[in-house]
Amino acid sequence: MPKISVIIPVYNAEKYLEKCIDSVLLQTFTDFECILIDDGSPDNSGKICDGYAKKDERIKVVHQENGGVSCARNAGLDIAQGEWITFIDSDDWVDENYLELMYNNAINKTCDLSICGLRSIDKNGKLIIESKQYPVMFFDKVSAKKILFGFEYFTTATVSKLVNRKYIYENNIRFDMEVKVCEDGLFWFEIIDKIDRVLYDSTPCYNYMRNENSALNSTMAVDKYMTNYIATRKMAQIEKNRSVLRKIKSYEALVAHYLCDILLQRDIFIKEKYKFYRKHLLNSLFYYLLDRDIGKRDKIMAVLYLFPKVYTTLKKIKQKITAGKMK
């Protein structure tokens, strides 16, 4: 049985896949299995996966019909044998000490979830930003769940985390197929709810490829993003701590805030859509305004989003002022 299972969902990733897999095979920590889930890729990703499986017995490949990233990750969890589990996205890559750092931190410092820092990289390989450096930090479950929504240290991202498998399998935790956005947040929230100790080492060992095409630029994408509310409602049902519940409600308002902003800035204003998201913003606004981690400007904007005519009027005034300065 390997110490670590590395699960990589693969879809249309032929451009980056070899770099991703090579970075895993070059790890200084070698006691792992690497599970590649070909999620019905129409490109050559599946063939690339099979090629690596022939070269290295630690590589396992599953081919399945396209079911989405959560389906692929769940398929990996279904066959994983490692004592510890980590996820890597197929267009990302990891430093050679990625597994060693997180595993040694978990074992030597007795924690159930080990997290490392990351770098955000653009499509040309240029560094955008990397994690701020801190001493190694420890969090209990309440603090860790608040951080998931505050993004101060680590985030809800599926990657850059190593968790003891028992918390996944003993509690039958899987990625929720109903949730299209924030499915990773719900997954880690459920896991953190079951554990006692989280370690964060800000050393950036994970390289995250920033996908500029993932912006919410269509009505369908906006509706997809609204599945955040499915996730946050499920988190609220789990959570008993009042301070964490307030953080969840504030996050709900943040999502609605973002969606209202997108709709109000479009050339064609969809009133019914806006009214739907405005209702969600209004329901959670109280928690948002009281959240100390939210800046004053964002709080003011959230209030303005409740009054679209005022918002659009102020926006036009600002545009005229800006245009006047440019002349």
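Residues numbered from 1 in each chain as written. Predicted model: local features only at pLDDT ≥ 70, side-chain atom pairs only at ≥ 80, totals over all residues. Heavy atoms only, no water.

Draft legend 1. Local environment of the packing of aromatic side chains. Applying the stated rule across the entire model yields 13 aromatic pairs. Ring plane angle 85° and centroid distance 5.9 Å describe the contact between Phe87 and Phe187, whose orientation is recorded as edge-to-face. Highlighted residues: Phe87 in strand β4 (residues 84–87) and Phe187 in helix α7 (residues 183–192), separated in sequence by 100 residues. Summarising the aromatic geometry, the rings of Phe139 and Phe154 are spaced 5.9 Å apart at their centres and angled 70° between planes, so their arrangement reads as edge-to-face. Note that Phe139 is positioned in strand β8 (residues 137–139) and Phe154 in the loop between α5 (141–150) and β9 (161–164), a separation of 15 residues in sequence. Each member of the pair Phe139 and Phe154 is classed as buried. These aromatic residues form a ring-pair network of at least three members: Tyr134, Phe139, Tyr153, Phe154 and Tyr200. The residue whose ring lies beneath Lys55 is Tyr52, and the NZ or CZ to ring-centre distance is 5.3 Å. One cation-aromatic arrangement involves Arg165 over Tyr169; the distance from NZ or CZ to the ring centre is 4.0 Å. (Phe/Tyr/Trp six-rings, centres within 6.5 Å; stacked < 30°, edge-to-face > 60°. Helix = DSSP H or I, 4+ residues; strand = E, 2+ residues; numbered from the N terminus. Buried < 20%, exposed > 50% of the residue type's maximum accessible area, 1.4 Å probe, protein only. Lys NZ or Arg CZ within 6 Å of the ring centre and 35° of its normal.)

Draft legend 2. Representation of the nonpolar core within the structure. The biggest cluster of nonpolar side chains holds 62 residues, and the ones touching the most others in it are Phe139, Phe154, Phe187, Ile191 and Leu281. Take this core: its biggest share by element is 10 residues, from helix α10 (residues 242–264). Filtering out sequence-adjacent residues up to four positions away, Ile191 remains in contact with Val163, Tyr167, Ile168 and Ile173. Core analysis: the second largest hydrophobic core is formed by 34 residues, Phe32, Val94, Cys116 and Val159 among them. (Core = buried A, V, L, I, M, F, W, Y, C linked by side-chain atoms within 4.5 Å. Contact = heavy atoms within 4.5 Å.)

Draft legend 3. Broad picture of helix α4 (residues 98–108). By the burial criterion, the buried members of α4 are Tyr98, Leu99, Leu101, Met102, Tyr103, Asn105 and Ala106. Residue Thr110 follows α4 closely and has a positive phi angle near 50°.

Draft legend 4. Summary view of the packing of helix α1 (residues 17–25) against helix α2 (residues 45–55). Where α1 contacts α2, the two axes come as close as 10 Å, and the packing angle between them is 25°. Of the possible angle classes, the one that applies to α1 and α2 is roughly parallel. By crossing handedness, the relation of α1 to α2 is classed as right-handed. Together, Leu17, Glu18, Ile21, Asp22 and Leu25 of α1 and Ser45, Ile48, Cys49 and Tyr52 of α2 make up the contact between the two elements. Across the contact of α1 with α2, the residue classes break down as six nonpolar, one polar and two charged. (Axes fitted to C-alpha atoms, helices over the stretch in contact; angles between N-to-C directions. Parallel < 35°, antiparallel > 145°, perpendicular 65-115°, else oblique. Left-handed = near helix turned anticlockwise from the far one by under 90°. Nonpolar A, V, L, I, M, F, W, Y, C, P; charged D, E, K, R; others polar.)

Draft legend 5. Region of interest: the pattern of salt bridges. Under the defined criterion, the tally for this structure stands at 13 salt bridges. In this structure, Glu178 engages Lys234 in a salt bridge whose closest nitrogen and oxygen atoms are separated by 3.3 Å. With a gap of 56 residues between them, Glu178 in the loop between α6 (165–169) and α7 and Lys234 in helix α9 (residues 228–238) connect regions that are remote in the sequence. For Glu178, a relative accessible area of 46% translates into the label partly exposed. Residue Lys247 is joined to Asp291 by a salt bridge in which the shortest nitrogen-to-oxygen separation is 3.1 Å. A residue pair is termed long-range when its members are at least 10 positions apart, and Lys247 in helix α10 and Asp291 in the loop between α11 (271–290) and α12 (296–304) qualify at 44 residues. (Salt bridge = Lys/Arg side-chain N within 4 Å of Asp/Glu carboxyl O.)

Draft legend 6. Highlighting a nonpolar patch on the surface. On the surface, Leu289, Val303, Phe307, Val310, Leu314 and Ile317 cluster together into a nonpolar patch covering about 470 Å² of accessible area. Considering each element in turn, the nonpolar patch owes the most residues, three residues, to helix α13 (residues 308–326). Residue position: Leu289 is located in helix α11. (Patch = residues over 30% accessible without salt bridge, like charges linked within 9 Å, V, L, I, M, F, W, Y side chains within 5 Å. Areas by Shrake-Rupley, 256 points an atom, 1.4 Å probe, with all protein chains shown as cover.)

Draft legend 7. Representation of the pairing of strand β7 (residues 127–130) in the model. Here strand β6 (residues 113–121) pairs with β7 via three bridges, running antiparallel. Paired with Ile121 across the two strands is Leu127, which belongs to β7. (Pairing = 2+ DSSP bridges.)

Draft legend 8. Spotlight on unusual backbone geometry. A positive phi is found at Asn12, a non-glycine position, where the angle reads about 50°. Structurally, Asn12 can be placed in the loop between β1 (4–10) and α1. Unusually for a residue other than glycine, Ser160 sits at a positive phi of about 65°. Summarising the element assignment, Ser160 is placed in the loop between α5 and β9. Among the residues examined, Ser160 registers a relative accessible area of 3% and is labelled buried.

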